[in-house]
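So you can see what is in the structure, the chains are spelled out below.
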Amino acid sequence: MTTNNPKSIIVIFGATGDLAKRKLFPSIFRLYRSGKLSEDFAVVGVARRPLTNDEFRDNVKKSIGNLQEGNVSAETFSSHFYYHPFDVTNVASYQELKSLLGDLDGKYHTEGNRIFYLAMAPEFFGTIGENLKSEGLTSTGGWSRLVIEKPFGHDYESAKELNDQIRHVFTEDQIYRIDHYLGKEMVQNIEVIRFANPIFESLWNNQYISNIQITSSETLGVEDRGRYYESSGALRDMVQNHMLQMVALLAMEPPIKLKTEEIRSEKVKVLRALRNMSEDEVDEYFVRGQYGRGIVNEQEVPAYREENSVDPESNTETFVSGKLMIDNFRWAGVPFYIRTGKRMTKKSTEIVVQFKDLPMNLYVEKDKAIHPNLLVIHIQPEEGITLHLNARKGEGSTTSTPIKLDYCNNCDDKMNTPEAYERLLYDCMRGDATNFTHWDEVALSWKFVDTISRAWTNKKAENFPNYESGSMGPKESDALLAKDGLHWWSVEADTHSRSE
Ligand code: NAP
């Protein structure tokens, strides 16, 4: 791993697309603004649209418009950007790209270091990789790295096929599979909260933890992504990657060192310990949902089946909740509940760790349960931790009342918290792959999820739509926990309320 200010050329395939505009250009600018990039970098955009360098630079300037501050010049920044239009399926064009990269290497002293960022539909990944290799773009005096966006395959078989294609050109340590959740501040903080605090780590097991709940809810519907979403659904779009990654970080053993291989290998062990279900057992552990009409942010919104490019009889799930069991010594008997969906009450990602009750509690009012201790990790939009404890209710009282200790990470300096893409790009430039997914993780996650998708594809959901937009999902999702004598903590768990 190198630690100096990285020098490289970033080639963005799909440079006129949404991801480049909304995430990549602003992230590169933030790195530049914070001094993490030297002047020795260049960005080459590739897409079919016939733009000149100046038009491309105008697009870049527009996308960073509101980020400019101080004396950082958007003009100087955007002068590092070049545009090279071609159809990525056209092998002949790669020679021209090669010659441009050679020239820029000389101009920016980038020493042959290249990041190939594939911000394009996955069906192009294999072709681009093959062409980069056959035309000699990966053979330079420096390093070459490949960054790949989700979705990485559609199921285990297609992911393996894609991986085999890419591995033909790049070695595993050159491949950076993005899961942008792994770039989020509080997701990266999970390890620190666990492994830097004896009061948590010593209780972090099945003797003291009752259950762990992870909720990632959105208020948006599918917007204009109906076509993509119809072939994906919440299970593939959220569970296979982001949700299982968070489970792995919460459940893994302490790594022997803070090294990429050590951390990844502990995560892989968690994924290997996930209890597999047969297709017949899926209904016992997982609930699917699809939103109907409803009210979100005081606006009436249509049902999923009424959205653009969506089949009016669609069987696609926009909500998933599930109970995962991790069959190892630490977690035997502790359910990890996950839930994610669109058009829910609130946009929020949060983890609630519920500790077990004491065998007997002296400070309880008659017929009332004591509030359990909860550790809430707020991932987004708020970033922070809340610890729920019990304290004396008042002068002379023999009962307790819930109190909370709050830490907010992004309240004071929201503007300066690096964004997930910014962190991940910087990691990639420095050759740190810790917060990217290894193939073994991808393969195990797909194998786990494939059983569920097979069960759901083979059996049409009779009750869709089964939750109102603006709610926290179908009632079956609440029943999943109720049968274990539990309930979901609300997305505002700090209000001590239930989600219903
Ligand atoms: P998009 O807006 O549809 O952009 C696709 C890009 O590919 C455009 O720049 C398009 O430009 C280019 N392109 C298409 N066919 C081409 C060809 N044959 N040769 C050269 N260029 C071609 O897609 P996106 O939303 O940016 O998403 C890109 C990737 O990131 C996808 O894999 C997506 O799943 C993933 N992703 C996106 C987001 C997001 O927030 N947008 C989030 C997570 C993951 P021309 O039309 O000019 O050729």
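Residues numbered from 1 in each chain as written. Predicted model: local features only at pLDDT ≥ 70, side-chain atom pairs only at ≥ 80, totals over all residues. Heavy atoms only, no water.

- The name given to the protein in an unreviewed UniProt entry is Glucose-6-phosphate 1-dehydrogenase, and the organism recorded there is Bacillus songklensis.
- Listed under Pathway (unreviewed entry) in UniProt, the entry text for the protein is "Carbohydrate degradation; pentose phosphate pathway; D-ribulose 5-phosphate from D-glucose 6-phosphate (oxidative stage): step 1/3." (UniProt positions renumbered as here; feature names shortened; annotations may be inferred.)

1. Regarding the pairing of strand β14 (residues 374-380)
Within a regular strand, side chains alternate between the sheet's two faces.
Working step 1: Most of β14 is tucked away, with 7 of its 7 residues classed as buried.
Working step 2: Pairing of strand β13 (residues 348-355) with β14 involves 6 bridges; the strand directions are antiparallel. Across the sheet, residue Val352 finds its bridge partner in β14, namely Val376.
Working step 3: Relative to strand β15 (residues 384-392), β14 runs antiparallel, the two being bridged by 5 bridges. Paired with Val376 across the strands is Thr386, a residue of β15.
Working step 4: The turn linking β14 back onto β15 is made up of 3 residues. (Buried < 20%, exposed > 50% of the residue type's maximum accessible area, 1.4 Å probe, protein only. Helix = DSSP H or I, 4+ residues; strand = E, 2+ residues; numbered from the N terminus. Pairing = 2+ DSSP bridges.)

2. Here's the deal with the site of the ligand
Working step 1: Close to the ligand lie 20 residues, the nearest being Thr16, Asp18, Arg22, Arg48 and Arg49.
Working step 2: For the ligand, an oxygen atom lies 2.8 Å from a polar atom in the backbone of Leu19.
Working step 3: Interatomic distance of 2.7 Å between a side-chain N/O atom of Arg48 and an oxygen atom of the ligand.
Working step 4: About the coverage of the ligand: the protein hides 76% of its 890 Å² of free accessible area.
Working step 5: For the shell around the ligand, the class distribution of residues is 10 nonpolar, 3 polar and 7 charged. (Near = heavy atom within 4 Å. Polar contact = N/O pair within 3.5 Å; in protein donor to acceptor, adjacent residues only side chain to side chain. Areas by Shrake-Rupley, 256 points an atom, 1.4 Å probe, with all protein chains shown as cover. Nonpolar A, V, L, I, M, F, W, Y, C, P; charged D, E, K, R; others polar.)

3. Details of the pairing of strand β1 (residues 8-13)
Working step 1: Judged by how many residues are buried, β1 sits mostly within the fold: 6 of 6 residues are covered.
Working step 2: Neither face of β1 is left uncovered, since the one carrying Ser8, Ile10 and Ile12 and the one carrying Ile9, Val11 and Phe13 both have all their residues buried.
Working step 3: Of the strand pairs in this sheet, β1 and strand β2 (residues 41-46) are connected by 6 bridges, and their pairing is parallel. When the sheet's bridge partners are listed, Ile9 is paired in β2 with Ala42.
Working step 4: Remark: the β1/helix α1 (residues 18-33)/β2 crossover connection has right-handed handedness.
Working step 5: Note that β1 and strand β4 (residues 114-118) share 5 bridges and pair parallel. In the sheet register, Ile10 faces β4, and the bridge partner there is Ile115. (Right-handed = clockwise from strand over helix to strand, strands pointing away.)

4. Looking at the packing of helix α5 (residues 125-134) against helix α6 (residues 156-167)
Working step 1: Orientation of α5 relative to α6, taken along the N-to-C sense of each, is 10°, at an axis distance of 8 Å. The angle between α5 and α6 places the two elements in the roughly parallel class. Counting all contacts with α5, which are made through Phe125, Gly126 and Glu130, the residues of α6 involved are Leu162, Gln165 and Ile166. (Axes fitted to C-alpha atoms, helices over the stretch in contact; angles between N-to-C directions. Parallel < 35°, antiparallel > 145°, perpendicular 65-115°, else oblique. Contact = heavy atoms within 4.5 Å.)

5. So, the pattern of salt bridges
Where charged atoms of side chains with opposite charge meet at close range, the side chains can pair.
Working step 1: Summed over the entire model, instances satisfying the criterion amount to 27 salt bridges.
Working step 2: The partner of Glu111 in a salt bridge is Lys7, and the shortest N-O contact between them spans 3.8 Å. With Glu111 in the loop between α4 (93-108) and β4 and Lys7 in the segment before β1, this residue pair connects regions lying 104 residues apart in the sequence.
Working step 3: A residue is classified by how much of its surface remains accessible, and Glu111, at 52% relative accessible area, is exposed.
Working step 4: Among the ionic pairs, Asp105 bridges to Arg114, the shortest N-O distance being 2.7 Å. In this structure, Asp105 and Arg114 share a single accessibility class: buried.
Working step 5: Ionic contacts of the salt-bridge type, sharing partners, join the residues Arg194, Glu201, Glu253 and Arg330 into one network. (Salt bridge = Lys/Arg side-chain N within 4 Å of Asp/Glu carboxyl O.)

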